[in-house]
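Coordinate analysis (summary)
The residues making up each chain are set out below.
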Amino acid sequence: MYSIKNKSRKIFVLLACVIILLALIVLMFFRRHSDSEKLSIDATKAKYIVTLSKRHQEKGVLLLFDAKGQMHTKKRFSGCDIISSVKKNNDYYFYSMRQNKHWKLHGGKSFTPFSLMKKKYAKHDYEIMPVWFATETSGDIIEAMNIGGIGGKYLSNIIYTYKGKRRETVIEEQNLTAAIRYKSHIYVQGYDSNYNKNFITAVNCKNGKGVKLGLKNSFAAQGSRLLKLGDRIVTYGDNSGNALKKGNKAAIAIIDTRKNRILGEKLLKGKEVLFGFTHKGRIKLIDYDGILHEYDKNLREKEIRNISKKEIYINNSSEEYLVEDMNIIEKTGNIYVLRMHSKLDNKLVGYIDKYRKSDLKLLQSVKISLPDEKDWMGENSCFYVNGD
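Residues numbered from 1 in each chain as written. Predicted model: local features only at pLDDT ≥ 70, side-chain atom pairs only at ≥ 80, totals over all residues. Heavy atoms only, no water.

1. A short note on the overall build of the protein chain
- Of regular secondary structure, the protein chain possesses two helices and 29 strands.
- Burial status across the protein chain gives 51% buried among its 388 residues.
- Long-range contacts, defined here as pairs at least 24 residues apart, represent 45% of the contacts in the protein chain between residues at least 6 apart.
- Accessible surface, the protein chain as shown: approximately 19,900 Å² in total, 51% of it carbon and sulfur. (Helix = DSSP H or I, 4+ residues; strand = E, 2+ residues; numbered from the N terminus. Buried < 20%, exposed > 50% of the residue type's maximum accessible area, 1.4 Å probe, protein only. Contact = heavy atoms within 4.5 Å. Areas by Shrake-Rupley, 256 points an atom, 1.4 Å probe, with all protein chains shown as cover.)

Here it is, written out as structure tokens:
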């Protein structure tokens, strides 16, 4: 009897040990692979917030880096084709260009989905109305929706704040690419397929009405960025997207916000634009030949110099990396660029580069790497920078 009990105890202990061992193995497995469930730092304490996502699958990943470029967090979420990110108070919003299912990161810790204009467009398949973009400007968040065909017209909109309430202005027959606010007006850049031209629409926030501003050189509004210089709005672009072009051309246009008119345009023949920015009352444009063009607010040329040996040109003109206009963030004293590696390799997804505006010196280069990922996660990307 004693030997049977003793043997039973041994078996029980052995089974208990096996169960504990298996539990530990499972726990270690999930700790290794469930980095989606826990944030080592929250987004409000991070310097760089990066999202990578699939274009046709609800599969995304949030990466948080500190000011030294060290990655502290990798959190999975069901984001699809995420192209824009903005911050309001301590919450972050991530927007999809594929569907009307976007994501809010509460206090930098937990995700919940949300949709735009659900009540208004409930009868019109609101679920498939994605955004063109979302942006922070002059203390406001502008969300631009791709509504689609309704009533025989192709509709887009911008959603903005006026007197503490969210308001919508519908813009017909345009694919929207950028927006910027100055006082009571929002300037929206878009492409009109009926005219095969790019336009700037000046929207009055008080009455929601828009006035379309035409450009002599339509491709001046070809890009996805609008710049602010005092009381002027700057747009720039080139004709690189025109398959029927006869030679390269780039252009800059200035909008006078006091009278809502095109104040002037500057044509640069034989040029393609890398990107532009503003600094201390100057418009600065870098072309693909490595030349920096500087203009004042009236488009008078002030300086031309060769910067082809600087990292800001070398890094962003290289065919090894892809740089989108929407992945260029301009702050007061610095410029941040997210460049994605063209080889689609998770071992080197890309870099976040920080440049000082005054001398274009490279101050920091943060490597983005996901060696444990099997699928390529960089089909679409966006990032946010806390602070300057």
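2. Things to note about the nonpolar core
- Ranked by internal contacts, the top residues of the largest apolar core, which has 26 residues, are Val234, Tyr236, Ile252, Phe275, Ile283, Ile286 and Ile312.
- Listed by contribution, the elements that provide at least two residues to this core are strand S16 (226–229), strand S17 (232–238), strand S18 (249–256), strand S20 (273–279), strand S21 (282–287), strand S22 (291–295), helix H2 (311–317) and strand S26 (334–345).
- The leading source of residues in this core is S20, at four residues.
- Leave out the neighbours within four places in its chain, and Ile286 touches Val273, Leu274, Phe275, Phe277, Ile291, Leu292, Ile307, Ile312 and Tyr313.
- Phe65, Ile352, Val366 and Trp376 belong to the second largest nonpolar core, which has 19 residues in total. (Core = buried A, V, L, I, M, F, W, Y, C linked by side-chain atoms within 4.5 Å.)

3. A short note on the pairing of strand S28 (residues 362–368)
- Examined bridge by bridge, strand S27 (residues 348–356) and S28 share six bridges and lie antiparallel to one another. The partner of Lys354 across the bridge, within S28, is Gln364.
- Between S27 and the antiparallel strand that follows it, S28, lie five residues; Leu360 among them carries a positive phi value of about 60 degrees. (Pairing = 2+ DSSP bridges.)

4. A few points about the packing of aromatic side chains
- In total, this model carries eleven aromatic pairs according to the counting rule given.
- Geometrically, the ring pair formed by Tyr92 and Tyr384 is edge-to-face, given 5.7 Å between the ring centres and 85 degrees between the ring planes. In this pair, Tyr92 is assigned in strand S5 (residues 91–96) and Tyr384 in strand S29 (residues 380–385), connecting sequence segments 292 residues apart.
- Of the residues examined, Tyr384 reaches a relative accessible area of 12% and is grouped as buried.
- With 5.8 Å between their ring centres and 90 degrees between their planes, Tyr95 and Phe114 make a pair best called edge-to-face. Separated by 19 residues along the polypeptide, Tyr95 in strand S5 and Phe114 in strand S7 (residues 110–114) bring together distant segments of the chain.
- Against the face of Phe199 rests Lys212, its NZ or CZ located 4.5 Å from the ring centre.
- The lysine or arginine in question, Arg339, covers the ring of Tyr321, its NZ or CZ lying 4.5 Å from the ring centre. (Phe/Tyr/Trp six-rings, centres within 6.5 Å; stacked < 30°, edge-to-face > 60°. Lys NZ or Arg CZ within 6 Å of the ring centre and 35° of its normal.)

5. Brief notes about the sheet that holds strand S11 (residues 165–172)
- Here four strands make up an open sheet; going across it, the order is S8-S9-S10-S11 and the pairing antiparallel. Every other strand in the sheet has two partners, leaving strand S8 (131–137) and S11 as the edge strands with one partner each. Ignoring which end each strand starts from, the neighbouring axes of this sheet average 20 degrees apart. (Axes fitted to C-alpha atoms, helices over the stretch in contact; angles between N-to-C directions.)

6. Quick look at the pattern of salt bridges
- By the definition in use, this model includes 28 salt bridges.
- For Arg261, the salt bridge goes to Asp256, with nearest N and O atoms at 4.0 Å.
- Looking at Asp256, the relative accessible area reads 2%, which means it is buried.
- Through salt bridges with shared partners, a single network forms among Asp231, Arg232, Asp256, Arg258 and Arg261. (Salt bridge = Lys/Arg side-chain N within 4 Å of Asp/Glu carboxyl O.)

7. Re the environment of Ile233
- Mapped onto the elements of the fold, Ile233 is located in strand S17.
- For Ile233 and Tyr182, which are 51 residues apart along the polypeptide, the C-alpha to C-alpha distance reads 8.4 Å.

8. Quick notes on the sheet that holds S5
- Spatially, S4-S5-S6-S7 is the arrangement adopted by the four strands of the open sheet, whose pairing is antiparallel. Of all the strands in the sheet, the pair left with one neighbour each is strand S4 (82–88) and S7. Strand after strand, the sheet turns through a mean of 25 degrees between neighbouring axes, direction not considered.
- Where strand S6 (residues 102–106) and S7 come together, five bridges link them in antiparallel fashion.

9. Let's talk about the side chain of Ser84
- For Ser84, the position within the fold is in strand S4.
- A relative accessible area of 3% means that Ser84 is categorised as buried.
- In terms of polar contacts, Ser84 uses its side chain to reach the backbone amide nitrogen of Ala134, at 3.2 Å.
- If we ignore the near neighbours within four places in the chain, the residues touching Ser84 are Tyr93, Phe94, Tyr95, Phe133, Ala134, Met326 and Cys382. (Polar contact = N/O pair within 3.5 Å; in protein donor to acceptor, adjacent residues only side chain to side chain.)

10. Here's the deal with the confidence of the model for the protein chain
- Of the residues in the protein chain, 90% reach a pLDDT of 70 or more, and the chain-wide mean stands at 90.
- With pLDDT under 50 throughout, residues 28–37 is counted as low confidence; its partners more than four residues away or in other chains account for eight contacts. (pLDDT = per-residue confidence, 0-100.)

11. Things to note about the side chain of Asp231
- Within the secondary structure, Asp231 sits in the loop between S16 and S17.
- Only 3.5 Å separates the side chain of Asp231 from the side chain of Arg232, close enough to count as a polar contact.
- With residues up to four places along the chain from it excluded, the contact list for Asp231 reads Tyr182, Ile255, Asp256, Thr257 and Arg258.

12. Some points on unusual backbone geometry
- In the Ramachandran plot, Asn196 falls in the positive-phi region, its phi being about 55 degrees despite a non-glycine side chain.
- Its place among the elements puts Asn196 in the loop between strand S13 (185–192) and strand S14 (197–204).
- Residue class for Asn196 comes out exposed when judged on its relative accessible area of 56%.
- Residues other than glycine seldom take positive phi values, yet Lys280 does so here, at roughly 50 degrees.
- Note that Lys280 resides in the loop between S20 and S21.

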